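Chain by chain, the residues run as shown.
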Amino acid sequence: MKINFFDDQSWERLRPLTFTRPVADLRVGILTIAEKWSKHLNASSYGYCTQSYLSIKYPSIEAELFINGSVCPNSYLLDKISNLKEGEYLSHNLCVIAYKCKENIAYQLVKEKLTPVTVENNFLKIEYPEHIFGFNDKELVNDFNLLARGRTSVAISGTNTILGEQFFAEEGAVAECSTFNTLQGPVYLGKNSEVWEGCHIRGSFALCNDSQVKMGAKIYGKTTIGPFSRVGGEINNAVIWGYSSKGHDGYLGNAVLGQWCNIGADSNNSNLKNNYAEVRLWDYTAESFRKTGLQFCGLIMADHAKCAINTMFNTGTVVGVSANVFGPGFPRNFIPDFAWGGAHGFDIYTIHKMLETAKLVFERRNVVLDETEINILIHIFDSTQPYRRF
């Protein structure tokens, strides 16, 4: 089976996290949304029907099955999709969930050209940034069951203490002198991951391949650390997608970090307002702050963003792509893409200087900053200029 994942209006609502990727490339749980569907459906390959400037890095393929990239799989939808016929589409209210068609038609035209099959509201849809950490616990449990089913965990050192039975370590995973509490949720250690001495980790928790947890870290449940990342300090209900570092003391909670991010030493985010009021987040579509309905909501940080030591983020702060934050005090709750500064004020982080830094960051991980990646960043720099009203 071959699949194309299409973006609906959720792509706009999920900015700035989706400025650099299709929605299906978001990580929630252990896997990205595309990886979840691919494993469940035993797909031989998959592609993306996404924004034109992203399509070179995330191309579409010839496929007969098209799935909404913001929808997470479950047994109910998998059964409905298995019975879907050529020329039909699954829908709930105004949402197109999936369709089968030999031609690559845009999802906006599906309702005109194909026959609807109505389904119940029995699925998760990632529509806003806070949904990523909000749904992470449920999706982490689902992904753990998918990845561990019928397999045996690799044995880890006897210096560790494991509470409960929901523990799984892939080949090459190592840990020493740490505690893993799986009584509230599973703990998953990916291939070649490392948990250094003296860490206390409570499930649900996933440490993806080639990532490390540094000595003495305290990590609470509902947390995912993506591949090629390094973390330390105190973390609670956070999702870090990959190639990012929060390697020092400081608190990160109810938060999402993209790729190629760096959190400076002793930096913290607030996840609860002093008056316990509802948290609002910057919304790129409305160009204003949107009510989330949440009391706990911390930091949303897009790809390539960084902060210096002792940075303090207010409750419900959104940091755009390639923003660089530093200096004393609390910066504003919305830090635009390619902003340079902090509470004292911001300047534009010019694309030339940003690319110089990105090239060095990529080289440290033996990754090449190629022309495709550069062109995506240039497009984002140009298209987000209206938000940089300094």
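Look a little higher up for the structure.
Residues numbered from 1 in each chain as written. Predicted model: local features only at pLDDT ≥ 70, side-chain atom pairs only at ≥ 80, totals over all residues. Heavy atoms only, no water.

Counting residues in each nonpolar core, the largest one holds 65 residues, and the members touching the most others are Trp37, Ile67 and Ile97. Here this core gets 5 residues from one element, more than from any other, and that element is helix α7 (residues 351–364). Listed in part, the 37 residues of the second largest apolar core include Ile156, Phe167, Val231 and Ala323. (Core = buried A, V, L, I, M, F, W, Y, C linked by side-chain atoms within 4.5 Å. Buried < 20%, exposed > 50% of the residue type's maximum accessible area, 1.4 Å probe, protein only. Helix = DSSP H or I, 4+ residues; strand = E, 2+ residues; numbered from the N terminus.)

A few words on unusual backbone geometry. Trans is the common state for peptide bonds, and a negative phi is the common state for residues other than glycine. The amide bond that connects Arg15 to the next residue, Pro16, takes the cis arrangement and shows omega of 10 degrees. Examined against the element boundaries, Pro16 turns out to sit in the loop between α1 (10–13) and α2 (33–41). In this model, Gly203 is joined to Ser204 through a cis peptide bond whose omega is 5 degrees. With respect to the helices, strands and loops of the structure, Ser204 is situated in the loop between β13 (200–202) and β14 (205–207). Despite not being glycine, Tyr243 shows a phi value in the positive range, around 55 degrees. Of note, Tyr243 is situated in the loop between β19 (234–242) and β20 (245–246). With a phi close to 60 degrees, Asn366 is a non-glycine residue in the positive phi region.

Attention shifts here to empty space enclosed by the protein. Under the counting rule described, the total for this entry stands at 2 cavities of 30 Å³ or more. Quantified by volume, the largest cavity comes out at close to 60 Å³. Along its surface, the largest cavity is lined by His304, Lys306, Ser322, Ala323, Asn324, Tyr349, Met354, Thr357 and Ala358. The dominant element in the lining of the largest cavity, judged by the number of residues it contributes, is α7, at 3 residues. Class assignment for the residues of the lining of the largest cavity results in 4 nonpolar, 4 polar and 1 charged. (1 Å grid on protein atoms, 1.4 Å probe; cavity = no way out; pocket = protein on both sides within 12 Å on 5 of 7 lines; lining within 4 Å. Points joined across faces, edges and corners; volume = space filled by probe spheres on them. Nonpolar A, V, L, I, M, F, W, Y, C, P; charged D, E, K, R; others polar.)

Each pocket or cavity is described by its volume, and for the largest pocket that value is around 470 Å³. Looking at the largest pocket, it is lined by 21 residues, and the ones nearest its centre are Tyr243, Ser245, Asn262, Arg364 and Arg365. For the lining of the largest pocket, the leading source of residues is α7, giving 3 residues. Class assignment for the residues of the lining of the largest pocket results in 6 nonpolar, 8 polar and 7 charged. Space inside the second largest pocket adds up to approximately 340 Å³. Along the walls of the second largest pocket sit 17 residues, with Asp8, Gln9, Leu94, Cys95 and Lys125 positioned nearest its centre. Going through the elements one at a time, α1 and β5 (95–100) are the ones with two or more residues in the lining of the second largest pocket. In terms of residue class, the lining of the second largest pocket is made up of 5 nonpolar, 7 polar and 5 charged.

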